[in-house]
Amino acid sequence: MKVLIIDDDSSSHVTLKKLLQESEGNEIQEIQSGYDLATGISLAREWKPDVLFLDIELPDGLGFDLLSQFQKPDFHVIFVTAFDKFALTAIRFGALDYLLKPITLEKLSHPLTRVREKIQYKQIEILWDTYQKVQEFILPSRIVVPNQTGFKYLDVKDIVRLEASNVLTIFYLASTKQQVVSSTNLGEYQKHFEPYHSFVRVHRSHLINLTFVQEYRRGDRVAVLKDQTEIPISRGFLDDFLKGMDQLKGPFP
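In this text the structure is predicted, and so the values were computed from the model without any measurement. (Residues numbered from 1 in each chain as written. Predicted model: local features only at pLDDT ≥ 70, side-chain atom pairs only at ≥ 80, totals over all residues. Heavy atoms only, no water.)

On to helix H1 (residues 10–22), then. Relative to the 18 Å expected for 13 residues at 1.5 Å per residue, H1 spans 19 Å between its end C-alpha atoms, a close match to the ideal helical length. Of the positions making up H1, those classed as buried are Ser12, His13, Leu16, Leu19 and Leu20. The buried residues of H1 all sit within an arc of 145° when viewed along its axis, so they share a single face. Residues of H1 that are exposed and point more than 90 degrees away from the buried face comprise Val14 and Gln21. (Helix = DSSP H or I, 4+ residues; strand = E, 2+ residues; numbered from the N terminus. Expected span 1.5 Å × (residues − 1). Buried < 20%, exposed > 50% of the residue type's maximum accessible area, 1.4 Å probe, protein only. Arc of directions from axis to C-beta.)

Written as structure tokens, this is what we have:
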């Protein structure tokens, strides 16, 4: 496996190389480094890596600018970034891999597993479009949901609720009775939907779209959705639910 690291932070190169060498099932044959956008584009074209670790912000542009040079990249992309809410929203909604600094072996293990399984959702066009929108404070209208066979595009406004099922997440949609099962857990989706005020975690097993709430029964702390589904509201999430409904529709009595 040929690995290319493009990051203007030299310490990230040192850390990544060390962790890659220590990783389980190490299949790394060669590692190349670049510290700016121009070098990254050149190496990606000429050296043809299998895996690209790519920083979001580079001295001469964005990591997204590198990807825009490749219509159909044949390398697996893993973004490396300090916390950036705009970039992370775009990456998460595009179902692409990322590492948050500081990088650890534990953080590295999941994206490396996806590399070995040849799982990569090369949705560069939607990723770039999403990133531009969130930079302009326009939230993404679609989300890419990975499942056991590939992925599905879902319209955010069509999502009624998400329900945890062990390590999986079940999406319930307004437009169809068919459910979409994702291989990503509900805790991760809670982070995905943080920018959306209408999506609120109300229970350890439930995250709901408040626009589909028809009634709240205060006595037994239950939200009744438009399809008559009854969702329990945990005491610890009650304030978040009521605040969200207050902002969205007006306070409940």
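Of all five residues making up strand S3 (residues 51–55), five are buried, and the element is well covered by its neighbours. What you see with S3 is no split at all: Val51, Phe53 and Asp55 on one side and Leu52 and Leu54 on the other are buried throughout. In terms of strand pairing, strand S1 (residues 2–6) meets S3 through four bridges, oriented parallel. Counted as the bridge partner of Leu4 is Leu52 from S3. When S3 meets strand S6 (residues 76–81), the two strands line up parallel, connected through five bridges. Its bridge partner lying in S6, Asp55 is registered against Val80. (Pairing = 2+ DSSP bridges.)

With that settled, consider the packing of aromatic side chains. Tallied over the full model, the rule gives six aromatic pairs. The interplanar angle of 90° and the centroid separation of 5.0 Å between the aromatic rings of Phe171 and Tyr189 together place this pair among those described as edge-to-face. With Phe171 in strand S11 (residues 168–173) and Tyr189 in helix H7 (residues 186–192), this residue pair connects regions lying 18 residues apart in the sequence. Across this residue pair, the class does not change: Phe171 and Tyr189 are buried. Plain terms: the ring middles of Phe193 and Phe199 are 4.4 Å apart, the flat faces sit at 25° to each other, and that makes the pair stacked. A residue is classified by how much of its surface remains accessible, and Phe193, at 1% relative accessible area, is buried. An aromatic cluster of at least three residues, connected via ring pairs, comprises Phe193, Tyr196 and Phe199. The ring of Phe70 carries Arg45 above its face, with NZ or CZ at 5.9 Å from the centroid. Here the basic side chain of Arg142 rests over the ring of Tyr153, its NZ or CZ set 4.6 Å away from the ring centre. (Phe/Tyr/Trp six-rings, centres within 6.5 Å; stacked < 30°, edge-to-face > 60°. Lys NZ or Arg CZ within 6 Å of the ring centre and 35° of its normal.)

This brings us to the pairing of strand S16 (residues 222–225). By the alternation rule, side chains of S16 split into Val222 and Val224 and Ala223 and Leu225, which are all buried. With four bridges joining them, strand S15 (residues 213–217) and S16 adopt antiparallel strand pairing. Each bridged residue has a counterpart across the sheet, and for Val213 the counterpart in S16 is Leu225. The pairing of S16 with strand S17 (residues 230–232) spans three bridges and is classified as antiparallel. Counted as the bridge partner of Val222 is Pro232 from S17. Hairpin connection of S16 to S17: four residues between the antiparallel strands, including Gln228 at a positive phi of 75°.

This next bit is on the confidence of the model for the protein chain. Chain-level pLDDT for the protein chain is 83 on average; 82% of the residues reach the 70-or-more range. Mean pLDDT in the protein chain bottoms out at helix H6 (residues 124–135), which sits at 57, and peaks at strand S14 (residues 206–209), which reaches 98. (pLDDT = per-residue confidence, 0-100.)

Here Asp7 lies in the loop between S1 and H1. With relative accessibility at 2%, the residue Asp7 sits in the buried group. Here the side chain of Asp7 touches Lys101 through a polar contact of 3.2 Å, side chain to side chain. Excluding residues within four positions of it along the chain, Asp7 makes contact with Ser12, His13, Gly34, Tyr35, Asp55, Leu58, Val80 and Lys101. (Polar contact = N/O pair within 3.5 Å; in protein donor to acceptor, adjacent residues only side chain to side chain. Contact = heavy atoms within 4.5 Å.)

Another point: helix H2 (residues 37–46). One full turn of an α-helix is made of 3.6 residues, so residues set three or four places apart face in the same direction. Turning to H2, its buried residues are Leu37, Gly40, Ile41, Leu43 and Ala44. Summarising the contacts, the buried residues of H2 are in contact with S1, strand S2 (30–34), strand S4 (57–58), strand S5 (61–62) and helix H3 (63–67). Between the side-chain oxygen of the N-cap and the backbone nitrogen of Ala38 there are 3.4 Å, and the N-cap of H2 in question is Asp36. Looking at the residues trailing H2, positive phi occurs at Lys48, about 55°.

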